[in-house]
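Okay, here's what each chain looks like letter by letter:
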Amino acid sequence: MSSILKVSEVATKTPKTTPAAQPLLTEEQILKMAEKDYMNEAQLAFFKARLKQLEKDLLKNADETTEHLRETVLVPDPADRATIEEEHALELRTRDRERKLLKKVQQSIVAIDNGEYGWCEETGEPIGIPRLLARPTATLSLEAQQRRELKQKLYGD
């Protein structure tokens, strides 16, 4: 009986490897994978890490903008003041685009967690690794995106 106890103690003390402990794949490795491996755990981990890094970068940029706008210096020259205001407006437009991207990034992370990432919202077909590498927040396959853009061009928004 004591030997069984010792075996179970050893079993509980040995470290278990988790998928998160494995190194992430590279883009080249993902591109070389077979179609049957589409959106397997390793690919999902790769894209989740990429999206998390993008989310972190976007949040950092937003914080830097906030700090930059707080450092407003009053200048007496109207031309200098106009230049500063134009720079602030440009920075705010950029952050607004990043805010929209941040929302898409967070939706993509949720889609990974739900097992829906990498599949076209309209057709249910795979979006494709090359497209996801270029645009990790893509929700439509290339064909579906082209159809949507054509409709927008023909009929307006």
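Preceding this paragraph is the structure being described.
Structure report, in brief. Remember, predicted model here, so these are calculated numbers, not experimental data. (Residues numbered from 1 in each chain as written. Predicted model: local features only at pLDDT ≥ 70, side-chain atom pairs only at ≥ 80, totals over all residues. Heavy atoms only, no water.)

Quick notes on a nonpolar patch on the surface
Then comes step 1: Residues Leu150, Leu154 and Tyr155 make up a contiguous nonpolar surface patch of roughly 390 Å² in combined accessible area.
Then comes step 2: With respect to the secondary-structure elements, leucine 154 resides in helix 6 (residues 142–155).
Then comes step 3: Judged by its relative accessible area of 58%, leucine 154 falls in the exposed class. (Patch = residues over 30% accessible without salt bridge, like charges linked within 9 Å, V, L, I, M, F, W, Y side chains within 5 Å. Areas by Shrake-Rupley, 256 points an atom, 1.4 Å probe, with all protein chains shown as cover. Salt bridge = Lys/Arg side-chain N within 4 Å of Asp/Glu carboxyl O. Helix = DSSP H or I, 4+ residues; strand = E, 2+ residues; numbered from the N terminus. Buried < 20%, exposed > 50% of the residue type's maximum accessible area, 1.4 Å probe, protein only.)

Points about the pattern of salt bridges
Oppositely charged side chains can form a pair if their charged atoms are brought close together.
Then comes step 1: Under the defined criterion, the tally for this structure stands at nine salt bridges.
Then comes step 2: The residue aspartate 113 makes a salt bridge to lysine 48 at a minimum N-O spacing of 2.6 Å. Pair noted here: aspartate 113 is in helix 4 (residues 78–114) and lysine 48 is in helix 3 (residues 41–70), with a separation of 65 residues, a long-range link.
Then comes step 3: Salt-bridge contacts for lysine 60 lead to glutamate 64; the nearest nitrogen and oxygen are separated by 3.8 Å. In this pair, lysine 60 and glutamate 64 both sit in helix 3, four residues apart, roughly one turn of the helix.
Then comes step 4: Its relative accessible area of 42% is what places glutamate 64 among the partly exposed residues.

Looking at the environment of glutamate 27
Then comes step 1: By the secondary structure assignment, glutamate 27 is in helix 2 (residues 27–32).
Then comes step 2: Relative accessible area serves as the criterion here: at 31%, glutamate 27 is assigned to the partly exposed category.
Then comes step 3: C-alpha of glutamate 27 to C-alpha of glutamine 43: the two residues are 16 residues apart in sequence and 9.6 Å apart in space.
Then comes step 4: Sequence-distant contacts of glutamate 27, that is, excluding residues within four places in its chain, are made with Phe46, Arg50 and Leu133. (Contact = heavy atoms within 4.5 Å.)

Topic: the packing of aromatic side chains
Then comes step 1: Overall, the coordinates contain three aromatic pairs when judged by the stated rule.
Then comes step 2: Both rings, one in tyrosine 38 and one in tryptophan 119, keep their centres 5.0 Å apart while their planes meet at 85°; by these two values the pair is edge-to-face. Separated by 81 residues along the polypeptide, tyrosine 38 in the loop between helix 2 and helix 3 and tryptophan 119 in the loop between helix 4 and helix 5 (129–134) bring together distant segments of the chain.
Then comes step 3: Overall, the relative accessible area of 34% leaves tryptophan 119 in the partly exposed class.
Then comes step 4: Residues phenylalanine 47 and tyrosine 117 carry aromatic rings whose centres are separated by 5.6 Å and whose planes lie at 50° to one another, so their mutual orientation is tilted. (Phe/Tyr/Trp six-rings, centres within 6.5 Å; stacked < 30°, edge-to-face > 60°.)

Digging into the side chain of glutamate 91
Then comes step 1: Mapped onto the fold, glutamate 91 is located in helix 4.
Then comes step 2: Buried and without a salt bridge, glutamate 91 has arginine 95 as its closest oppositely charged side chain, separated by 4.3 Å.
Then comes step 3: When residues no more than four places from it in sequence are discounted, the contact partners of glutamate 91 are Thr65 and His68. (Lys, Arg positive; Asp, Glu negative; His and termini not counted.)

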